[in-house]
Amino acid sequence: IQPSTDIDFSINTNASLMTPQIVRVLRKHDVRIIASLDGTRAGNDLVRRTRNGRPAFDLIRQGFARLADGGMPVMALHVNLNSKNFDRLDETFIEFLDREKIQSITLEPDLTDRLEQPVSDLVEKIMHLKKTAQEKGITVTGYWERPFARIVQPEPDSSPYFCRSISGQAIDVMPDGSLYSCSYTGLKLGNLDFFMKKGPPSQLLKASPFKTVLEARRIGQIKRCHGC
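Below you will find a few notes about this structure. All figures in this text were calculated on a predicted structure; none of them were measured in a lab.

## Considering the overall build of the protein chain
Here is step 1: Scanning the protein chain from N- to C-terminus turns up nine helices and eight strands.
Here is step 2: Residue burial in the protein chain is summarised as follows: out of 228 residues, 33% are buried.
Here is step 3: Of all intrachain contacts in the protein chain linking residues separated by at least 6 positions in sequence, the fraction that spans at least 24 positions is 56%.

Quick look at the structure:
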């Protein structure tokens, strides 16, 4: 299928199952890697483990090495801040990132875990990591920056969407072909095979579930946010 517009492909992965063959395919199709690591060994292995319960840190590092060998070095990371690794994400982790030549991280409170720590401790942790990383030339960002950025730097001639999914610019495809507006939502929009058989990708935009989600999440349409 020849898309009518440019499409950027990316994959969220901790790279633990990465093989040289997979790396070659990803590079061939110019797929951007969004790699995940939740700290040094001490912090990461409290959160990320294999299906059999094994620590995942070494497997992830092996995957990163295979990506580097294939010409796709990991230079940016997605880091989940979880109740379990909260105290382990500190200056030691920033020093580790500096040694590994990581240029930026997206640091987010884990949306699947209700942090036990008070919000004030969460804010202090994020700001401390951001300041420490900046001293090393490492950029720290996250969704927690969006509300402030929207206020002080509004985008001209555009609606201030919270994320690219709600603006209709992004969609998540699961390994089994299931489609979601975002991997953090439980609302399934359909299956990739169905839309591939129906016609060009533009058919997805006309599909009722996807259109309904986008319209329902626009500014002013979420009733529980009224009066906030």
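## What to know about the pattern of salt bridges
Here is step 1: Under the counting rule described, the total for this entry stands at five salt bridges.
Here is step 2: Two residues, arginine 48 and aspartate 38, come together in a salt bridge whose shortest N-O distance is 2.9 Å. In this pair, arginine 48 is assigned in the loop between helix 2 (41–47) and helix 3 (57–69) and aspartate 38 in the loop between strand 2 (32–36) and helix 2, connecting sequence segments 10 residues apart. Side by side, arginine 48 and aspartate 38 carry an identical accessibility label, which is buried.

## Quick look at a nonpolar patch on the surface
Here is step 1: Residues Val119, Val123 and Met127 make up a contiguous nonpolar surface patch of about 280 Å² in total accessible area.
Here is step 2: Take methionine 127: it is sitting in helix 5 (residues 119–134).
Here is step 3: Taking the relative accessible area as the measure of exposure, methionine 127 reaches 41% and is therefore partly exposed.

## Let's talk about the side chain of histidine 78
Here is step 1: Counting through the fold element by element, histidine 78 comes out in strand 3 (residues 76–81).
Here is step 2: In contact with histidine 78, other than residues within four places in its own chain, are Ile34, Ala35, Ser36, Leu37, Asp38, Thr106, Glu108 and Tyr184.

## Observations concerning the environment of glutamate 100
Here is step 1: If you trace the backbone, glutamate 100 turns up in the loop between helix 4 (91–99) and strand 4 (104–109).
Here is step 2: According to the relative accessible area criterion, glutamate 100 is partly exposed, its value standing at 33%.
Here is step 3: In this structure, the C-alpha to C-alpha distance between glutamate 100 and methionine 75, residues 25 residues apart in sequence, is 8.3 Å.
Here is step 4: A distance of 3.1 Å separates polar atoms of two side chains, one belonging to glutamate 100 and the other to arginine 61.

## Let's talk about the packing of aromatic side chains
Here is step 1: Evaluation of the coordinates by the stated rule reveals two aromatic pairs.
Here is step 2: Residues phenylalanine 93 and phenylalanine 96 carry aromatic rings whose centres are separated by 6.3 Å and whose planes lie at 15° to one another, so their mutual orientation is stacked. Here phenylalanine 96 and phenylalanine 93 lie together in helix 4, a separation of three residues that amounts to about one turn. Of the two residues examined, phenylalanine 93 and phenylalanine 96, each falls in the buried class.
Here is step 3: Taken together, Phe57, Phe93 and Phe96 form an aromatic cluster joined through their ring pairs.
Here is step 4: Over the aromatic face of phenylalanine 86 sits the side chain of lysine 125, whose NZ or CZ is 5.1 Å from the ring centroid.

The rules behind the values
Residues numbered from 1 in each chain as written. Predicted model: local features only at pLDDT ≥ 70, side-chain atom pairs only at ≥ 80, totals over all residues. Heavy atoms only, no water. Helix = DSSP H or I, 4+ residues; strand = E, 2+ residues; numbered from the N terminus. Buried < 20%, exposed > 50% of the residue type's maximum accessible area, 1.4 Å probe, protein only. Contact = heavy atoms within 4.5 Å. Salt bridge = Lys/Arg side-chain N within 4 Å of Asp/Glu carboxyl O. Patch = residues over 30% accessible without salt bridge, like charges linked within 9 Å, V, L, I, M, F, W, Y side chains within 5 Å. Areas by Shrake-Rupley, 256 points an atom, 1.4 Å probe, with all protein chains shown as cover. Polar contact = N/O pair within 3.5 Å; in protein donor to acceptor, adjacent residues only side chain to side chain. Phe/Tyr/Trp six-rings, centres within 6.5 Å; stacked < 30°, edge-to-face > 60°. Lys NZ or Arg CZ within 6 Å of the ring centre and 35° of its normal.

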